[in-house]
Amino acid sequence: GAVVSQHPSRVICKSGTSVKIECRSLDFQATTMFWYRQFPKQSLMLMATSNEGSKATYEQGVEKDKFLINHASLTLSTLTVTSAHPEDSSFYICSARSLAGGRETQYFGPGTRLLVL
Amino acid sequence: QQQVKQSPQSLIVQKGGIPIINCAYENTAFDYFPWYQQFPGKGPALLIAIRPDVSEKKEGRFTISFNKSAKQFSLHIMDSQPGDSATYFCAAAGTGKLIFGQGTTLQVKP
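The rules behind the values
- Residues numbered from 1 in each chain as written.
- Chains lettered and ligands numbered in written order.
- Predicted model: local features only at pLDDT ≥ 70, side-chain atom pairs only at ≥ 80, totals over all residues.
- Heavy atoms only, no water.
- Helix = DSSP H or I, 4+ residues; strand = E, 2+ residues; numbered from the N terminus.
- Buried < 20%, exposed > 50% of the residue type's maximum accessible area, 1.4 Å probe, protein only.
- Contact = heavy atoms within 4.5 Å.
- Areas by Shrake-Rupley, 256 points an atom, 1.4 Å probe, with all protein chains shown as cover.
- Pairing = 2+ DSSP bridges.
- Axes fitted to C-alpha atoms, helices over the stretch in contact; angles between N-to-C directions.
- 1 Å grid on protein atoms, 1.4 Å probe; cavity = no way out; pocket = protein on both sides within 12 Å on 5 of 7 lines; lining within 4 Å.
- Points joined across faces, edges and corners; volume = space filled by probe spheres on them.
- Nonpolar A, V, L, I, M, F, W, Y, C, P; charged D, E, K, R; others polar.
- Disulfide = S-S within 2.5 Å.
- Buried area = accessible area lost by both parts, 1.4 Å probe.
- Salt bridge = Lys/Arg side-chain N within 4 Å of Asp/Glu carboxyl O.
- Polar contact = N/O pair within 3.5 Å; in protein donor to acceptor, adjacent residues only side chain to side chain.

Asker: I would appreciate a short explanation of the overall build of chain A in the present structure.
Answerer: From N to C terminus, chain A includes zero helices and 11 strands. Across its three principal directions, the C-alpha atoms of chain A cover 45 × 25 × 20 Å. The buried share of chain A, reckoned over its 117 residues, is 50%. In chain A, once contacts between residues fewer than 6 apart in sequence are set aside, the share between residues at least 24 apart is 54%. In the form shown here, chain A has an accessible surface area of approximately 5,900 Å², with 52% of it arising from carbon and sulfur atoms.

As structure tokens, this is what we get:
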């Protein structure tokens, strides 16, 4: 399957700082990427849809000014958690949509563990 | 109508057993049904996926059964192994966005 990477894999920061997470599709181009967060022993919750060259679409209840998404190229989307607080501590996972062979498939990155102290 | 309901929440089987995980959906616009496997601290990995034009799909030891009229689909793992112990998520999509089930934690005992 296609490969999606995330960086960093783990980050610890102080409350009030901003953290940037990168999501890259390594062997395919993705006009659309998605950002999820996952709390322990829970399912994935979609935060936003990231579209290359346009503004992200946020799910209801997700603060767009707090979770800034940029999709500047067909292989890179970034999520910036601004003014992070302890309640933002979570596992953040991105996925990239592949349309290879006329079939739509989503491939997930390995996730980024964020801990806000 | 956007929900995907998954059961059971957890499952324990002996090695060689055939665990079955079930999912149900409401939205008839969904046309893509993938299953993902997730190990602790890792991102979900695509296992197998099915579209509504077929009722069954096999890939290795993994089989999806799909019942369009009942709006249900299930994952069967043949000859399960301890290495299959993980959390499994079903999902459904109709407009690109995946809607995930609640997850099933599977433990395969040696």
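Asker: Before we go on, may I ask you to explain the sheet that holds strand S8 (residues 72-77) of chain B in this structure?
Answerer: In a beta sheet, neighbouring strands are held together by backbone hydrogen bonds and run either parallel or antiparallel to one another. All names here are of chain B. Sheet architecture is open: five strands sit in the order S1-S3-S8-S7-S6, paired in antiparallel fashion. Strands with a single pairing partner mark the edges of an open sheet, and in this sheet they are strand S1 (4-7) and strand S6 (56-59). In this sheet, neighbouring strand axes are inclined to one another by 15° on average, regardless of whether the strands run parallel or antiparallel. Bridge count for S1 against strand S3 (residues 20-25) is four bridges, and the pairing is antiparallel. Within S3, the residue paired with Gln6 across the bridge is Cys23.

Asker: Explain the layout of surface pockets to me, please; I cannot follow it from the model alone.
Answerer: Volume-wise, the largest pocket comes out at about 510 Å³. Lining the largest pocket are 22 residues, with Pro40(A), Lys41(A), Gln42(A), Thr87(B) and Thr105(B) positioned closest to its centre. Every element with two or more residues in the lining of the largest pocket is listed here: strand S9 (86-93) and strand S11 (104-109) of chain B. In terms of residue count, the dominant contributor to the lining of the largest pocket is S9(B) (three residues). Residues that form the lining of the largest pocket fall into these classes: seven nonpolar, 12 polar and three charged. Of the voids in this model, the second largest pocket is the one considered here, and its volume is about 420 Å³. Forming the boundary of the second largest pocket are 17 residues, of which Leu44(A), Leu46(A), Gln2(B), Ile99(B) and Phe100(B) lie nearest the centre. Counting residues per element, the ones that place at least two in the lining of the second largest pocket are strand S5 (45-51) of chain A together with strand S10 (98-100) of chain B. Among the elements that line the lining of the second largest pocket, the one with the most residues is S10(B), at three residues.

Asker: Honestly, the state of the cysteines in this entry has me stumped. Any pointers?
Answerer: Chemically, a disulfide is nothing more than a covalent bond linking the sulfur atoms of two cysteines. Within this structure, the stated rule accounts for two disulfides over all chains. Between the sulfur of Cys23(A) and that of Cys94(A) lies a disulfide, 2.0 Å long from S to S. The S-S bond linking Cys23(A) to Cys94(A) shows a torsion near 80°; that makes this disulfide right-handed. Here Cys23(A), found in strand S3 (residues 19-25), pairs with Cys94(A), found in strand S9 (residues 90-98); they are 71 residues apart in sequence, far enough to count as distant. Judged by its relative accessible area of 0%, Cys94(A) falls in the buried class. The side chain of Cys23(B) participates in a disulfide bridge whose partner is Cys90(B); the two sulfur atoms lie 1.9 Å from each other. Torsion about the S-S bond of the Cys23(B) and Cys90(B) cystine: about -95°, corresponding to left-handed handedness.

Asker: Just to check I follow, could you spell out the interface of chain B and chain A for this structure?
Answerer: Many structure descriptions define interface size as the accessible area lost when the parts assemble. Facing 17 residues of chain B, the contacting portion of chain A comprises 21 residues. Of the roughly 1,400 Å² buried where chain B meets chain A, counting both sides, 53% is carbon and sulfur surface. On the surface where chain B and chain A come into contact, there are one salt bridge. Summed over the shared surface of chain B and chain A, the number is six residue pairs in polar contact (both at pLDDT 80 or more). The set of elements that each furnish at least two residues to the side of chain B that touches chain A consists of strand S4 (33-38) and S10 of chain B. Each residue belonging to the side of chain B that touches chain A can be placed in one class, and the counts come to seven nonpolar, seven polar and three charged.

Asker: Just to check I follow, could you spell out the sheet that holds strand S7 (residues 67-73) of chain A for this structure?
Answerer: Residue and element names in this part refer to chain A. Taken together, the four strands give an open sheet; going across it, the order is S1-S3-S8-S7, and neighbouring strands pair in antiparallel fashion. The sheet is open, and its two edges are formed by strand S1 (4-7) and S7, each paired on a single side. In this sheet, neighbouring strand axes are inclined to one another by 15° on average, regardless of whether the strands run parallel or antiparallel.

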